[in-house]
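Structural description and commentary
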Amino acid sequence: MVYEAFATSVTINWTPRPASPQASTAEGYIVEASTAADIFTPSDFTGVIFSSISYGIQPATLTVTGLDAGATYTLRVGALNWSDTPSYAAGGSTITLVSDFVWSFAGSGLWNTATNWTPSGIPSAGSRVTIDANATVTSSVNAIRFFTLTLGDPAGTFSPILLLSTSIANARDMTVHKNATFTSSVVSTLAFTGDVLFEKGSLLNHSANTTSPQTSALNFQVAGTFTLQAGATASVS
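Anyway, here's the lowdown on the structure attached to this text. (Residues numbered from 1 in each chain as written. Predicted model: local features only at pLDDT ≥ 70, side-chain atom pairs only at ≥ 80, totals over all residues. Heavy atoms only, no water.)

**Here's the deal with the pairing of strand β14 (residues 148-151)**
The following threshold applies: A pair of strands is labelled paired if DSSP reports no fewer than 2 bridges between them. Secondary structure follows DSSP: runs of H or I at least 4 residues long count as helices, runs of E at least 2 residues long count as strands, and numbering of each begins at the N terminus.
Inspection of the sheet shows strand β11 (residues 127-131) paired to β14 by 4 bridges, in the parallel sense. Following the sheet pairing, Val-129 is matched in β14 by Leu-149. Where β14 lies against strand β17 (residues 173-176), 4 bridges are found, and the strand directions are parallel. Residue pairing in the sheet places Thr-150 in a bridge with Thr-175 of β17.

**Examining the side chain of Ser-54**
Threshold: Categorising residues by exposure relies on relative accessible area from a 1.4 Å probe, with only protein chains included: less than 20% of the type maximum marks a residue as buried, more than 50% marks it as exposed, and the intermediate range marks it as partly exposed. Contact definition: two residues touch when any of their heavy atoms are within 4.5 Å.
Its place among the elements puts Ser-54 in strand β4 (residues 50-55). Judged by its relative accessible area of 16%, Ser-54 falls in the buried class. Leaving out residues up to four positions away in the same chain, Ser-54 has contacts with Gly-28, Tyr-29, Leu-62 and Leu-80.

**Considering the environment of Arg-145**
To be explicit about the condition: Any pair of N or O atoms that falls within 3.5 Å is considered a polar contact. Within protein, one atom must be able to donate a hydrogen and the other to accept it, and sequence-neighbouring residues count only if both atoms are side-chain atoms.
When you line up the elements, Arg-145 lands in strand β13 (residues 144-145). When near neighbours in sequence (up to four residues on either side) are disregarded, Arg-145 contacts Trp-111, Pro-123, Ser-124, Ala-125, Ala-169 and Asn-170. Within the structure, Arg-145 has its side chain in polar contact with the side chain of Asn-170 (distance 3.1 Å).

**Considerations on the environment of Val-64**
Considering the arrangement of structural elements, one finds Val-64 in strand β5 (residues 61-65). Given the relative accessible area of 0%, Val-64 is considered buried. Residues Val-64 and Thr-11, spaced 53 residues apart in sequence, show a C-alpha to C-alpha distance of 6.4 Å. Dropping the residues within four chain positions of it, Val-64 is found in contact with Thr-8, Ser-9, Val-10, Val-31, Ala-33, Phe-50, Ser-51, Ser-52 and Leu-75.

**Description of the packing of aromatic side chains**
Filter applied, for reference: Pairing of aromatic rings covers Phe, Tyr and Trp, the last counted by its six-membered ring, and requires centre-to-centre distances within 6.5 Å; plane angles under 30 degrees mean stacked, over 60 mean edge-to-face, and any other angle means tilted.
For the structure shown, the criterion picks out 13 aromatic pairs. An angle of 90° between the planes, with centres 5.1 Å apart, marks the rings of Trp-103 and Trp-117 as edge-to-face. Residue Trp-103 is found in strand β8 (residues 99-103), and its partner Trp-117 is found in strand β10 (residues 117-118); the two are separated by 14 residues along the sequence. The pair formed by Trp-103 and Trp-117 is uniform in burial state, with each residue classed as buried. When the ring of Phe-192 is compared with that of Phe-220, the centres are 6.0 Å apart and the planes differ by 15°; the resulting orientation is stacked. Linking Phe-192 in strand β19 (residues 190-192) with Phe-220 in strand β22 (residues 220-222), this pair joins segments that are 28 residues apart in sequence. Its relative accessible area of 2% is what places Phe-192 among the buried residues. Taken together, Trp-103, Phe-105, Trp-111, Trp-117, Phe-146, Phe-182, Phe-192, Phe-198, Phe-220 and Phe-226 form an aromatic cluster joined through their ring pairs.

**Digging into the pattern of salt bridges**
What counts is decided by this rule: Criterion for a salt bridge: a side-chain nitrogen of Lys or Arg within 4 Å of a carboxyl oxygen of Asp or Glu.
Taken as a whole and assessed by the stated rule, the structure comprises 3 salt bridges. Between Arg-76 and Glu-32 there is a salt bridge, with its nearest N and O atoms 2.8 Å apart. Pair noted here: Arg-76 is in strand β6 (residues 72-80) and Glu-32 is in strand β3 (residues 28-34), with a separation of 44 residues, a long-range link. The class for Arg-76 is buried, based on a relative accessible area of 18%. Notably, a salt bridge pairs Asp-100 with Arg-128, separated by 2.7 Å at the nearest N-O pair.

**Quick notes on the layout of surface pockets**
Test applied: Space inside and on the surface of the protein is sampled on a 1 Å grid over the protein atoms alone, with a cavity defined as a set of points where a 1.4 Å probe fits but cannot get out and a pocket as an open set with protein on both sides within 12 Å along at least 5 of 7 lines; lining residues have an atom within 4 Å of a point. Grid points are joined across faces, edges and corners, and a volume is the space filled by probe spheres set on the points. Charged residues are taken to be Asp, Glu, Lys and Arg, nonpolar residues to be Ala, Val, Leu, Ile, Met, Phe, Trp, Tyr, Cys and Pro, and polar residues to be all remaining types, Gly included.
Approximately 220 Å³ is the volume found for the largest pocket. Around the largest pocket, the lining is made up of 14 residues, and of these Asp-68, Asn-170, Ala-171, Arg-172 and Thr-193 lie nearest the centre. Of the residues forming the lining of the largest pocket, the biggest block, 3 residues, is contributed by strand β16 (residues 168-170). In the lining of the largest pocket, the residues fall into 9 nonpolar, 3 polar and 2 charged. The calculated volume of the second largest pocket comes to roughly 150 Å³. In terms of lining residues, the second largest pocket is bounded by Arg-17, Gln-22, Ala-23, Thr-25, Ala-26, Glu-27, Ala-79, Leu-80, Asn-81, Trp-82, Thr-85 and Ser-87. For the lining of the second largest pocket, a count of residues per class yields 5 nonpolar, 5 polar and 2 charged.

So, in structure tokens, the structure goes:
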């Protein structure tokens, strides 16, 4: 019954209940999505539940939003009676989408310029982003989003610089390889739902503060593991 899956939402369809008799119809529907439920425990809808609700027997489709990219969700559909009590049926399971974006502009440029990436477009919360070029990539105006971000390459062949001049709206993991640089020009909290890794030979810093109050800082909030390997440099001058 899963109709479409995107990076942060899933749409499902089902056969609508009849308009009558009263014992067979529904006042509306609720769709719920869970990462706890799986094929072994299909009724385990504990933890964080994402849901969407509508009233009336039509349309027989709903979209659940706010999901994480690259995650497996099990869904169920509940037909609501007059007291909003649901009678559930399985809605299937799906993995939300992840797409790849690679910096392809021949030189430095702006993150939010679609033609700087392959494929053309701006990375979203469901994007695996790679910047493996000798370029300074600057985020400006709009907050940036990504599923994973990789700066540089394992061999240290390239020396990319990400100059963050806006906030990070959505992010899971970030890896900064040897000779790559992450520079913050903001004071806002940089939140990651996964892991952050700065490898040996990488650089983490912030732009110089020439006014008071300060305009740049390193303020990370990492749900997983924050790793600054021996040989990586963190500069806060």
